[in-house]
Amino acid sequence: MAINHEVLDKILLPYPDKVKKNRIKHIVRKNPEEGCQQIEANTRTIPGIISQRGCCYAGCKGVVVGPIKDMITITHGPVGCGYYSWGTRRNKARADENTPPEQIYGAMCFITDMQEPDIVFGGEKKLAKMIDEVVEIFHPRAINICATCPIGLIGDDLGAVAKAASERHKIQVLSYNCEGYKGVSQSAGHHIANNMLLEHVIGTGDAKSEPEKYVINILGEYNIGGDSWEIERILHDIGYTIQGVLTGDSSYEEIKNIHIANLNLVMCHRSINYIAEMMEEKYGTPWLKVNFIGVEATKKSLRDLAQVTGDETFIRKTEEVIAREDSVVLPVLEQYRKICAGKIAFAFVGGSRSHHYQHLLRDLGMEVVVAGYEFAHRDDYEGRQVIPTIKLDADTKNIPELDIKPDPERYQEAHVHLNLSKEKYDEICSRIPLGYYEGMYPDMKSGNLMIDDCNHYEAEILVKRLKPDLFFAGVRDKYIAQKMGIPAKQLHSYDYSGPYAGFTGAMNFARDVAHAMTTPAWRLITPPWEKETKEPGDNNA
């Protein structure tokens, strides 16, 4: 379904000239004849436009460090910030032989509850007292402290409080200066969290690599609805050993020792590519971009991984597991394809999800005609080859870049990590794109639309004009579509369903999508385009 220029003109019509000049850079209609078209991303949202972005604090606490199951994460700030970021992502975690149930803290919300007197006189003493109480009651292995906007404004020294608490209690206490206003979106918080984990946690463990095992990490997987458990099930069946998942169902001890891995797998490129790159610089660990969303995408990622190992046993076992899973999942998907085939969808989701889910929808015969990210950078759309051309602005420069040097004791060349000869490694790299992400652009069809930081108004116009059958969004903007009579799925936490990753996840997703589109409730709603004579943008309305 190609989108004509009339739709773009309709979107831009009511904008003032200055706003129009800005927003047009964030909207790209794919035209293969122009090569890879440039899209504007990772710049501040225009004041007055309702964005679906989150803040820096949300990216740090809510996405990256919050899911670590045995670390207590304290929000230093007003109660609203902690409450809003608590439990909304459904990062599932379970006890194991190393982490008893009483040391899993994800269901709890820890916050200093800053009041007006604390803002006036400072909150450092209140924070220190809370740390003491938390240690006395819960005995955590380590603690995170995440700053909110007021803390940055009044100047509380989180680093000093954390250092003193660490010395008092003999555990690691990390502080993150992730005030919500820092950076243009939650992406800044991802970067800050990645820096702290790499600098102060990763590599501090004393685990040793085991030559008889092939050890991998899964980076950028947060176990929403149990996703990482499904991915781990498949990988374990093939024979891989998983050291750590950052940070879904991960423990502090696991993260300390992820440096022993042979290879890093990267799921969400935007939230975790910093750690992948820094581990490559510090330890020489190579990384492979994967996508375990969708049957065909999962199979491709498994086969790429097997090829990277260069081990015929893994290659053979991979095909056996794929054949076993296909025999279960393909008949189920075929039934749901009868409902889904030919339908179109929009996808406005963060991370890599607006890209990943296109593969799963394609398995069902559906097409994503409009897609965009909430907090992406240009390389998430256009591919990593554009990184050298991206100009850093003042917001980006607010986030420190770590000066990473090769670890004198642990650094190994990439081919040594993979137990390959240099010649074999080079041959594999000629076929499998290690250390690379191609972005979303190549998977968009000609004439389809990419929109960065799509707002409510633009989404409404597109829904009215293109009348999608399904709308994928975040926790807030899904209601726009539902009020317009369009089924919507929330892909940040799956609306209490899942997992959606891997083979089992594909069946769950197909069921939920088919049910969403066929529920009788939508017949009780009259879409606005069937009862309105004017649309936003008509006669400057």
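Going by the structure above, here's the rest.
Bear in mind the structure is a predicted one, so any value in this text is a computation, not a measurement. (Residues numbered from 1 in each chain as written. Predicted model: local features only at pLDDT ≥ 70, side-chain atom pairs only at ≥ 80, totals over all residues. Heavy atoms only, no water.)

### Considerations on the pairing of strand β13 (residues 470-473)
No. 1: Residues of β13 alternate between two faces, with L470 and F472 on one and F471 and A473 on the opposite face, all of them buried.
No. 2: Pairing analysis gives 3 bridges linking strand β10 (residues 344-348) to β13, with the strands arranged parallel. What sits directly across from F346, in β13, is F471.
No. 3: Sheet analysis places β13 next to strand β14 (residues 488-490), joined by 3 bridges and oriented parallel. Looking at the pairing, A473 lines up with Q490 of β14. (Buried < 20%, exposed > 50% of the residue type's maximum accessible area, 1.4 Å probe, protein only. Helix = DSSP H or I, 4+ residues; strand = E, 2+ residues; numbered from the N terminus. Pairing = 2+ DSSP bridges.)

### Considerations on the pattern of salt bridges
Here the idea is simple: oppositely charged side chains can pair when their charged atoms come close.
No. 1: All chains considered together, the criterion is met by 34 salt bridges.
No. 2: Put simply, R384 and E277 hold a salt bridge, and the shortest N to O gap is 2.7 Å. Of this pair, R384 sits in the loop between α16 (378-382) and α17 (394-397) while E277 sits in helix α12 (residues 269-283); the two residues are 107 residues apart in sequence, bridging distant segments of the chain.
No. 3: Overall, the relative accessible area of 15% leaves R384 in the buried class.
No. 4: Between E460 and K464 there is a salt bridge, and its shortest N-O distance comes to 3.6 Å. Of this pair, E460 and K464 both sit in helix α20 (residues 456-466), 4 residues apart, roughly one helical turn. (Salt bridge = Lys/Arg side-chain N within 4 Å of Asp/Glu carboxyl O.)

### Observations concerning the sheet that holds strand β11 (residues 367-372)
Pairing between the strands of a sheet is mediated by backbone hydrogen bonds and can be parallel or antiparallel.
No. 1: Read across the open sheet, the 6 strands follow the order β1-β12-β11-β10-β13-β14; overall the sheet is mixed. In the strand order of this sheet, the two ends are held by β1 (27-29) and β14, each with one partner. On average, adjacent strands in this sheet sit at an angle of 20 degrees to one another, irrespective of strand direction.
No. 2: Each of β10, β11 and β13 touches helix α15 (residues 353-363); the most contacted strand, β11, lies at about 175 degrees to it.
No. 3: Packed on one face of the sheet, α20 meets β1, β10, β11, β12 (449-451) and β13 and runs near 175 degrees to β10. (Axes fitted to C-alpha atoms, helices over the stretch in contact; angles between N-to-C directions. Contact = heavy atoms within 4.5 Å.)

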